[in-house]
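Here is what each chain is made of, one letter per residue.
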Amino acid sequence: MADVKQQDLFINNEWVKPTSGNYTPIKSPATGEEVGQAAEGNPQDVDKAVAAAKAAFKGWSSKPASQRADYLYALKNLVERDKERLATIITSEMGKPIKEARAEVDFAAGLLRFAAENARRLQGEIIPGEREGEKILIDRVPHGVVGAIAAWNFPLALCARKIAPALAAGNTIVLKPADGTPLSGLALAELVQEAGIPAGVVNVVTGSGQGVGVPLVAHKDTPLITMTGSTPAGKKIMAAAAEHLKEVRLELGGKAPFIVMEDADIPAAVEAAVTARFFNGGQVCTANERTYVHEDVYDRFTTALKDRIASLKVGDPMDDATDMGPKVNETELEKVDGIVQKAISQDAKLELGGKRLTGGAFDKGTFYAPTLLTDITPDMDIVQDEVFGPVLSLIKVKDFDEALTRANDSRYGLSAYLFTNDLSRILRMGRELDFGEIYVNRGSGEEPQGFHHGYRESGLGGEDGQHGLEAYVRTKTIYLNA
C-alpha cells in the first residue's frame, strides 16, 4: 500500500488547499487502515472551481472536435499506462477485488476512447426553409459548465463517464467524487494535468454532499447536472436544480429481475446469475436483485446455484484469487444485514450466509457473507427495496407470463436479464419487459458504445454511447438568410 497522502482540490489545473483547511481520512474497508486524506471542500471552493470552468469554456468549446479528441486520447493512454496503480487505489478505498478493479480501469479507458472517437460525430442538420433561399440550421452546441456528481461503487469509471462526454462535446466540468471514495477521481485529475488538458477544463472538488454537492447543483453557472447515485439523493438533486430550471441527468437505483426459463442453458444461467449478483459485492445498480426461475428447472438451478455461491472466495481484495471483498463501509453493511433479517422475519428461508463474517482478518473490515434466500413472496420488502449487497433472492415462477408480471412490478426500471432460447419469448421481452437495459443470455456489464439508462425511479436521461454523448449538447435553431 502506498504511503498515506494528503490530497488537495484540483482547480484550474492547480492543486489547491481547501478553504476550510480540513481533510477527511479515507480508510480501507478491508483493513480499516487509513489510505489517504481528501480535502473537505465547501461552497467557496465550488465557486472557485465553477469560475475556473466558466473562464475556460470559451477557449475549450472553440477548439475543433479533433483537438478535443486528441486530449481525450492522451488521457486514455495515461489511464492504460497506470492501470495497476489506479486499480490499487480503487481497491484500497472501495474494497472491490483487484481483478475487478482492473476491469474498472479498462472500462474507464473505454469510455474515454468512445468519447474521443465520437467527438466529431455530434452533427447538426440543415433543413429547407419556407422563404426563398432560406436554410434552417439546427446546430448542436455545448451547455457550458457541467456539474457532475459520481457514486462510490465505481469511483474511477464513474468519474471518467462524466468527464469524457462532457469534454468531447465542448463543455468544461466541475466534478465531485463520492466523499468516501475520492482518491480515484483525484488520481484521474493528476492524469488530466499530465495529459495537458487546458487549465479550468476539468476541476475536481472533494467533500460532502452538503458542502460541495448542494452548492454545485444550485450554482447559477452549472446549466447541466449529471449525477450517479441513489434514488433519494437523485430526487433531492432534481428539486434543488428546479430553481434555475437546469437540465438534469440522473442514473439512480435498480431492482433488476433475472428470468430463467425452462429451455435456458442452466450452467450458463447459474454463472451469470452469480456474477450479476456478487460482482463488486452486489454493489452495482444493474445487479441481479430478483431471480425468477421456471418451476420445471427450479430444483436443478437451485442446487447448482448453492454450490456456485458456496465456492465464492471472500477475503483480501488485493489477492488475485479473491472473488468478493468487503462492503464499502459499516453503514452499508448494517443496511444490508437489516434487509436480510427483515426478509427472514417475513418467512424467507436462509439457505446460505445471512451474517457478517468474523474472525481473523475479517475482524478488521466490513465483510458480509454471500447470501441466498428462498421462499420469497411478492409481499416481502426485499422484493421491492434495493439491497445493494451480496444477497440473492430466488423465486419460483410457473411460466413466462408470471415472470414478466413479477419482473415489471417494481418502482425501478434500470436493468433486467433473460435466459431463454425461445425467439418468441425474446420478442415479447422487447415489447413487455419495462426496463431500459436488458441482457439476453448473458451476465451483466454495459459497454461504452451502448446506452445505459433506466425508467421510473431509476433515473432520467442516460449514459454512454451516442445517445449518452448527445446529452452533453443542446440544440440551437438558426433561420439563415443571405
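Each remark here, short or long, concerns the structure printed above.
A quick note: this is a predicted structure, and the numbers were derived from the prediction, not measured. (Residues numbered from 1 in each chain as written. Predicted model: local features only at pLDDT ≥ 70, side-chain atom pairs only at ≥ 80, totals over all residues. Heavy atoms only, no water.)

A. Expanded view of unusual backbone geometry. Not every positive phi belongs to a glycine, and N12 is a case in point at roughly 60 degrees. Within the secondary structure layout, N12 lies in the loop between β2 (9-11) and β3 (14-16). Of note in this structure, R456 is not a glycine but carries a positive phi near 50 degrees. Within the element layout of this structure, R456 appears in strand β21 (residues 455-456). (Helix = DSSP H or I, 4+ residues; strand = E, 2+ residues; numbered from the N terminus.)

B. The side chain of T366, seen in detail. On the secondary structure map, T366 appears in the loop between β15 (349-352) and β16 (371-374). Ignoring sequence-local partners within four residues, the contact set of T366 consists of P29, P326, K327, V328, N329, E330, L333 and R356. (Contact = heavy atoms within 4.5 Å.)

C. A look at helix α3 (residues 83-94). Taking 1.5 Å as the rise per residue, α3 with 12 residues should run 16 Å; its terminal C-alpha atoms sit 16 Å apart, in good agreement. Listing the buried residues of α3 in full gives L86, A87, I89, I90, T91, S92, E93 and M94. Tucked into the core, α3 has its buried residues touching β4 (23-27), β5 (34-39), α2 (65-81), α4 (98-118) and α6 (183-194). Phi for G95, located one or two positions after α3, is positive at around 100 degrees. (Expected span 1.5 Å × (residues − 1). Buried < 20%, exposed > 50% of the residue type's maximum accessible area, 1.4 Å probe, protein only.)

D. Here's a closer look at the state of the cysteines. Applying the stated criterion across every chain yields a total of zero disulfides. Free cysteine: C159, not disulfide-bonded; nearest cysteine sulfur from C285 at 15 Å. For C285, a relative accessible area of 11% gives the class buried. (Disulfide = S-S within 2.5 Å.)

E. Layout of the sheet that holds strand β23 (residues 473-480). In space, the three strands of this open sheet follow the order β6-β7-β23, with antiparallel pairing throughout. The sheet is open, and its two edges are formed by β6 (125-128) and β23, each paired on a single side. Between one strand and the next, the sheet's axes are offset by a mean angle of 25 degrees, whatever the strand orientation. Strand direction decides the pairing type here: strand β7 (residues 135-142) and β23, joined by eight bridges, are antiparallel. (Pairing = 2+ DSSP bridges. Axes fitted to C-alpha atoms, helices over the stretch in contact; angles between N-to-C directions.)

F. Molecular detail of the packing of aromatic side chains. Under the criterion given, the structure shown has eight aromatic pairs. Relative to Y439, the ring of Y417 lies with its centre 5.1 Å away and its plane at 20 degrees, an arrangement referred to as stacked. Pair noted here: Y417 is in strand β19 (residues 415-419) and Y439 is in strand β20 (residues 437-440), with a separation of 22 residues, a long-range link. Y439 gets classed as buried once you look at its relative accessible area, which sits at 5%. Above the ring of F435, the side-chain terminus of R456 is found at 5.5 Å from the ring centroid. (Phe/Tyr/Trp six-rings, centres within 6.5 Å; stacked < 30°, edge-to-face > 60°. Lys NZ or Arg CZ within 6 Å of the ring centre and 35° of its normal.)

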